[in-house]
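Listed below, chain by chain, are the residues.
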Amino acid sequence: MEIELFEIRNHIISHPPFRHLPKEAVDELVAHVQVAYFKSNAMILEKGQAAEYLHFIRKGAVEIFRSSGELLTRMGEGECFGQFALMRKKKVRYPAKAIEDTLIYLIPDDRFQILYDRFDKFADFMEEDNSIRLQHALEQGPQRWNGNEIQTTSPSGHQGNPLLFSKLSTLLHSKIITASPAVTIQEAARIMTRNRVSSLVLLAETGSGPPIAGLITDRDLRKRVIARGMALSAPVSDIMSRNIVTHQAGDFAFEAMLTMMRHNLHHLPILDNDTPLGVVTVSDLIQYASHGSIFIVGDIFRKKTVDELADLAPDIRRLFVQLVNEGANAHTIGAALSRIGVSLSQRLLQLGEKELGPPPVPYCLLALGAMARDELTLLTDQDNAFVLDDAFHPESQDAYFKALARFLSDGLHRCGLHYCKGNIMATNKQWRQPLSVWKSQFSDWIDNHDPRALLNASIFFDLDGIFGETRFADELKHLIRTKAGDSPRFLTCLARNALLRRPPLGFFRQFVLEPDGAHKNTFNLKRRGTAPICDLARVHALACGSTKLNTENRLEDIKKTDLLAEGVGDDLLDALEFISMVRIRNQARQAERKEAPHNNVHPSTLSAFERRHLKDAFQIVARAQDFLKFRYNTGRGSSNSR
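Quick summary incoming for the structure in this document.

Here is what the cut-offs are and how they apply
- Residues numbered from 1 in each chain as written.
- Predicted model: local features only at pLDDT ≥ 70, side-chain atom pairs only at ≥ 80, totals over all residues.
- Heavy atoms only, no water.
- Helix = DSSP H or I, 4+ residues; strand = E, 2+ residues; numbered from the N terminus.
- Buried < 20%, exposed > 50% of the residue type's maximum accessible area, 1.4 Å probe, protein only.
- Expected span 1.5 Å × (residues − 1).
- Axes fitted to C-alpha atoms, helices over the stretch in contact; angles between N-to-C directions.
- Parallel < 35°, antiparallel > 145°, perpendicular 65-115°, else oblique.
- Left-handed = near helix turned anticlockwise from the far one by under 90°.
- Contact = heavy atoms within 4.5 Å.
- Nonpolar A, V, L, I, M, F, W, Y, C, P; charged D, E, K, R; others polar.
- Core = buried A, V, L, I, M, F, W, Y, C linked by side-chain atoms within 4.5 Å.
- Salt bridge = Lys/Arg side-chain N within 4 Å of Asp/Glu carboxyl O.
- Pairing = 2+ DSSP bridges.
- Right-handed = clockwise from strand over helix to strand, strands pointing away.

Some words on unusual backbone geometry
Part 1 of the argument: Following Pro16, the chain continues into Pro17 via a peptide bond in cis, with omega recorded as 5°.
Part 2 of the argument: Mapped onto the elements of the fold, Pro17 is located in the loop between α1 (3-12) and α2 (23-30).
Part 3 of the argument: Although it is not a glycine, Asn243 sits at a positive phi angle of roughly 50°.
Part 4 of the argument: Residue position: Asn243 is located in the loop between α8 (218-226) and β12 (247-248).
Part 5 of the argument: Residue classification places Asn243 among the exposed positions, given a relative accessible area of 75%.
Part 6 of the argument: Of note, Asn273 is a non-glycine position whose phi angle comes to about 60°, a positive value.
Part 7 of the argument: With respect to the helices, strands and loops of the structure, Asn273 is situated in the loop between β13 (267-272) and β14 (275-281).

Looking at helix α23 (residues 608-632)
Part 1 of the argument: For α23, which comprises 25 residues, the first-to-last C-alpha distance of 37 Å matches the rise-based estimate of 36 Å (1.5 Å per residue) to within 8%.
Part 2 of the argument: Just downstream of α23 lies Asn633, where phi reads positive at about 55°.

Section: the packing of helix α20 (residues 526-544) against helix α21 (residues 551-559)
Part 1 of the argument: Two elements in contact, α20 and α21, have axes separated by 9 Å at closest approach and are oriented at 45°. Taken together, the axes of α20 and α21 lie oblique to each other. Judged by the sense of rotation from one axis to the other, the crossing of α20 with α21 is left-handed. Each of Ile533, Cys534, Ala537, Arg538, His540, Ala541 and Cys544 in α20 lies in contact with α21, whose residues at this interface are Thr551, Arg554, Leu555 and Ile558.
Part 2 of the argument: By residue class, the composition of the contact of α20 with α21 is 7 nonpolar, 2 polar and 2 charged.

What about the nonpolar core?
A general trend in soluble globular proteins is that nonpolar side chains are found buried together.
Part 1 of the argument: Leu366, Phe442, Phe460, Phe461, Phe490 and Leu614 are the most contacted members of the largest nonpolar core, which has 63 residues in total.
Part 2 of the argument: Broken down by element, this core gets its largest block of residues, 9 residues, from α23.
Part 3 of the argument: Residue contacts for Phe461: discarding those within four places in its chain leaves Phe442, Trp445, Ile446, Leu454, Ile480, Phe490, Arg538, Leu542 and Arg554.
Part 4 of the argument: In terms of nonpolar packing, the next biggest core, distinct from the first, is built from 48 residues, Tyr363, Phe407, Leu412 and Cys415 among them.

Examining the pattern of salt bridges
Part 1 of the argument: Summed over all chains, the structure comprises 29 salt bridges.
Part 2 of the argument: Measuring nitrogen to oxygen at the nearest pair gives 3.1 Å for the salt bridge that ties Glu514 to Arg527. With Glu514 in the loop between α19 (488-498) and β19 (523-524) and Arg527 in helix α20, this pair connects stretches of sequence that are 13 residues apart.
Part 3 of the argument: Take Arg527: its relative accessible area is 38%, and that puts it in the partly exposed class.
Part 4 of the argument: When salt bridges with common partners are traced through the structure, they connect Arg373, Glu375, Asp462, Arg501, Asp535, Arg538 and Arg554 into a single cluster.

Observations concerning the pairing of strand β10 (residues 199-203)
Part 1 of the argument: Summarising burial for β10: 4 of the 5 residues are buried, a large majority.
Part 2 of the argument: Looking at chain direction, strand β9 (residues 178-179) and β10 are connected through 2 bridges and run parallel. Paired with Ala179 across the strands is Leu202, a residue of β10.
Part 3 of the argument: Read from β9 through helix α7 (residues 185-195) to β10, the crossover connection turns out right-handed.
Part 4 of the argument: Bridge analysis of β10 against strand β11 (residues 212-217) gives 5 bridges, and the strand direction is antiparallel. Counterpart to Val201 in the pairing with β11 is Leu215.

Written as structure tokens, this is what we have:
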């Protein structure tokens, strides 16, 4: 093969769908590829001309237009166009123009038809637009999201029993505690107490034989030492269990469960070959099999102090990782984390009232933003407010609610829901007001629709009452729903604000990265990914009078109206799920590495699968934002005035 053909072959085989073709098919193809060069602004395809080639962009950038002349999309290196005319065997319908000096590989129609007829993956790729590709990516599920190969995970998604597909290594969360069999019983008990463990692994002191000589548990100390009156100075080897049954870290959790049932064991040491890694207990398996969230919520309401609640933070973190690894979708994960956040808030207020005494007037805690929408992730700050009864007297009663808000806010921070950087918390006097003041505030935001005020206040339009007199929250939600939908100017301002956060996709479908700062050369998956979808869904939801708060549920309601073109709602749902899961999986990987979670990601840390479909998702969001401008007339300067 000539050097030029090698260059063509090595380039196209690195891009889909050619990477899925057999090597022989690509070698045969490149002998027929022609090369064409187009200067900037030159037309590559004219509407109505004969369709002769599939166009593969080797270098440069191209704009594709609809028949009406409206811009359809922009394409860059590694992307193909012209296939739809070839498939229909008709003339060109979508004109194409080079927008910079562009090099194109031309694949003749007869070669294209051979590939299209012989290889299903090639045909499927050519028949899909980016929204369909994204939908298929979601259907493939998380098995693909760590790379291009299938990973071991739930064969039936998150609805299966996790013990059936989870490795024992995923259940080990703490360092193994070991000692020599020669230590005294008293020293063994001290080691267990100091490390807050219910068992102690006693290592063999010779290099031959099993690595574990014995095991003692809390129960052994009660039954074999205290009940028998043994001397605490005796060696622990006198009371330890011997011939210890073990499992390997790569074994499945259900195998360990069967072993423990067969041998009536409560503690099972786990090895990596001959190296002890940890101990799995019966309660570990039960909690893991129960998805953990139910247990955590139950635990929250049994805790009697803030310290005890704060001790749950590692469990919440582990639950998040567990749900991700089991293949749960973004909606499930967000709902589970939000229910935990709500339960923590409720329990903290119960403890706060116990410490400070009963409230002087009825009140309601508002959850705002992500918690109200059931969309919490591992990296979440607290957004909340108090709505007080109108009988509230600030001079004599605000000190109580200020102290209660501080108790709540500090407690949530210790449990992992960090202080709000924007100070949207009940500790801020501005967000600790009687119901009538809140009603006036919302009416003012809607009637006066100052864009700058709305920029900070849009979070308040996602609210839910989660403790106390929740009817106060219901009255506010009713007010918002009835007034906002009847105020086109307010919706215009809200829509204008929703356009301030654009997806990180450049002119040529390249990622737009942070130019400097702590997250240089990354992009933010929340601020520029999920948040723009939440913002535009909020505008449409208020316009159509939807009572839903969750973004997915709002989009389902919006789909039933004529606010979006047919299919756009489904595309946005797919984009939301894909971007959310990349963000969530990124946070889970950070948690597994014991790193502080954040929302920024460097493109090089994503698989090719993730990069490709993120671009598809961002393009869907960008198009939906462009439509938002048109739908709510955001370009008209008069919309701010009354």
